[in-house]
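# Structure assessment
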Amino acid sequence: PMVEVIYQKRFLARGPRVVAIGGGTGLSQLLRGLKEHTANLTAVVTVADDGGSSGVLRTELGIPAVGDIRNCIVALADAEPLMGRLLQYRFPGSGGVPEPVPDGFDPVPPGRSAEALSVGLGGHAVGNLLLAALVAVEDGDFEEGVREMNRVLAVRGRVVPATATPLSLHARLGDGTEVEGQSRIARSAPIDRVWVTPGDVRACEDALRAIEEAELLVIGPGSLYTSLLPALLVPGIREAIAGSGALVVYAANVATQQGETTGYDLAAHLEALDRHGAGHLPDVVLANNRLDADPPEGWRGEAVRLRWPPDGLGGADGPRLVLDDV
């Protein structure tokens, strides 16, 4: 009924100023819940993805990764369900999107060029193509293209990139080996440290302003090394979080992720943040205390065990732990 719609709009407009930081599936799912409590919601999204449709568009058009931004915009859009399905629709086949291949295998057949294989729509999501087109319409201004997509889809809140510069993610593994590329790092273990290049990128002003004005900052859930840290490693983002007056919550993953967090308990997640200069940021850590839930079929991770406090982050200055069935 119209009265309920008006009440909901006014209720949400008075909601707290919340900023959620990360990427991947975790951030988009978080936003679906948060948007029921406030319209003053900003998602600061990582742009380091180099796989699938996002990777192809990044290579061919020179724009940052758009896949995580698309997922977050769909999560926040006050649009018809059909519009959400349309934006997430992925054209059949591989076309311009390379299939995952084993390391050392050359996916380009003899006698054919890589450019010839990149022709076609197969594997591309409609939302990725729409966002790429909006960036082109705005004369290559990535930030403005994302702003326009927020407006076109009547997003409840807004989605902003952490930076408008395409990022490359690098990792050093436990044996000293260095790996480049988000899609490869996600399959690697054990990971000691990650970093992004170029190292002097500029954080988006919209992101910094939202963090400065926030009442609540949420980091996670999401892939630790390939979604959360790439956003936090953008110069200026950690400093803005540390300087804000907001309550900072780290929403811990409920399960490990094969490869990058195999064998990690709760404290190990926080210790990884601390190795990258972000361990001091959370005021509160929200973690799951129901460890007997059945995992999804085929899931090769395990429930994140509750070791606490993390090394170097205990005591009165460390984050407060909150447990619940999440």
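I will try to describe carefully the structure that is included in this document.

### Here's the deal with the overall build of the chain
Scanning the chain from terminus to terminus reveals 13 helices and ten strands. Summarising its shape, the C-alpha atoms of the chain cover approximately 65 × 60 × 40 Å along the three principal directions. Every one of the 326 residues in the chain was classed for burial, and the buried ones make up 47%. Counting only contacts in the chain whose residues sit at least 6 apart along the sequence, the fraction spanning at least 24 positions is 73%. Surface accessibility of the chain: about 15600 Å² in total, with carbon and sulfur atoms responsible for 54%. Averaging the coordinates of the 28 positive side-chain charges in the chain and doing the same for the 42 negative ones gives two points 4 Å apart.

### A short note on the state of the cysteines
For the coordinates displayed, the defined rule picks out zero disulfides. For Cys72, which is in no disulfide, the shortest distance to another cysteine sulfur is to Cys204 and amounts to 14 Å. On the accessibility criterion, Cys72 (0% relative accessible area) is buried.

### What about the sheet that holds strand 1 (residues 18–22)?
Hydrogen bonds between backbone atoms are what pair the strands of a sheet, whose relative direction is either parallel or antiparallel. Overall, parallel pairing links the seven strands, which are arranged 3-2-1-7-8-9-10 in an open sheet. The open sheet has two edge strands, strand 3 (158–161) and strand 10 (320–324), and neither has a second partner. On average, each strand axis in the sheet is inclined to that of its neighbour by 20 degrees, with strand direction left out of account. Pairing geometry for strand 1 and strand 7 (residues 216–219), over four bridges, is parallel.

### A look at the pattern of salt bridges
In this structure the tally under the stated criterion is 14 salt bridges. One salt bridge connects Arg147 with Glu143, and the closest N-O pair in it is separated by 3.6 Å. Of this pair, Arg147 and Glu143 both sit in helix 8 (residues 142–152), four residues apart, roughly one helical turn. Since its relative accessible area comes to 27%, Arg147 is described here as partly exposed. The closest approach of N and O atoms between Glu144 and Arg147, which form a salt bridge, is 2.7 Å. Here the residue Glu144 and the residue Arg147 both occupy positions in helix 8, the gap between them amounting to three residues, near one helical turn. For Glu144, a relative accessible area of 19% corresponds to the buried category. Through salt bridges with shared partners, one network takes in Glu143, Glu144, Arg147, Glu148, Arg151, Arg202, Asp206 and Arg209.

### Some thoughts on unusual backbone geometry
Following Ala189, the chain continues to Pro190 via a peptide bond in cis, the omega torsion being -10 degrees. Located in the positive-phi region is Asp139, a residue other than glycine, with phi close to 60 degrees.

### Considerations on helix 11 (residues 224–232)
Since the α-helix packs 3.6 residues into each turn, any two residues three or four apart lie on the same face. Among the nine residues that make up helix 11, nine are buried, leaving the element largely enclosed by the rest of the structure. The set of residues buried in helix 11 consists of Leu224, Tyr225, Thr226, Ser227, Leu228, Leu229, Pro230, Ala231 and Leu232.

What counts and how
Along each chain, numbering runs from 1 in the same order as the chain's sequence is written. Only residues with pLDDT of at least 70 get local features here, since the model is predicted, and only at 80 or more are side-chain atom pairs given and counted; chain-wide, interface and lining totals rely on the full set of residues. Side-chain numbers here rest on the full set of heavy atoms in the structure, without hydrogens or water. A run of H or I in DSSP becomes a helix once it reaches four residues, and a run of E becomes a strand once it reaches two; helices and strands are each numbered from the N terminus. Summary of the burial criterion: residues with accessible area below 20% of their type's maximum are buried, those above 50% are exposed, and those between are partly exposed, where the area comes from a 1.4 Å probe applied to protein chains only. Contacts are assigned to residue pairs that have any heavy atoms within 4.5 Å of one another. A 1.4 Å probe and the Shrake-Rupley method give the accessible areas. Residues count as covered only by the protein chains that appear here. We score Asp and Glu as negative and Lys and Arg as positive, and we do not count His or the chain ends. Every charge is mapped onto a representative atom, which is NZ of Lys, CZ of Arg, CG of Asp or CD of Glu. For this text, the term disulfide refers to a pair of cysteine sulfurs within 2.5 Å. When DSSP finds two or more bridges between a pair of strands, those strands are recorded as paired. Lines fitted to the C-alpha atoms define the axes, with helices restricted to the stretch that makes contact. Angles between their N-to-C directions range from 0 to 180 degrees. We count a salt bridge whenever a side-chain nitrogen from Lys or Arg sits within 4 Å of a carboxyl oxygen from Asp or Glu.

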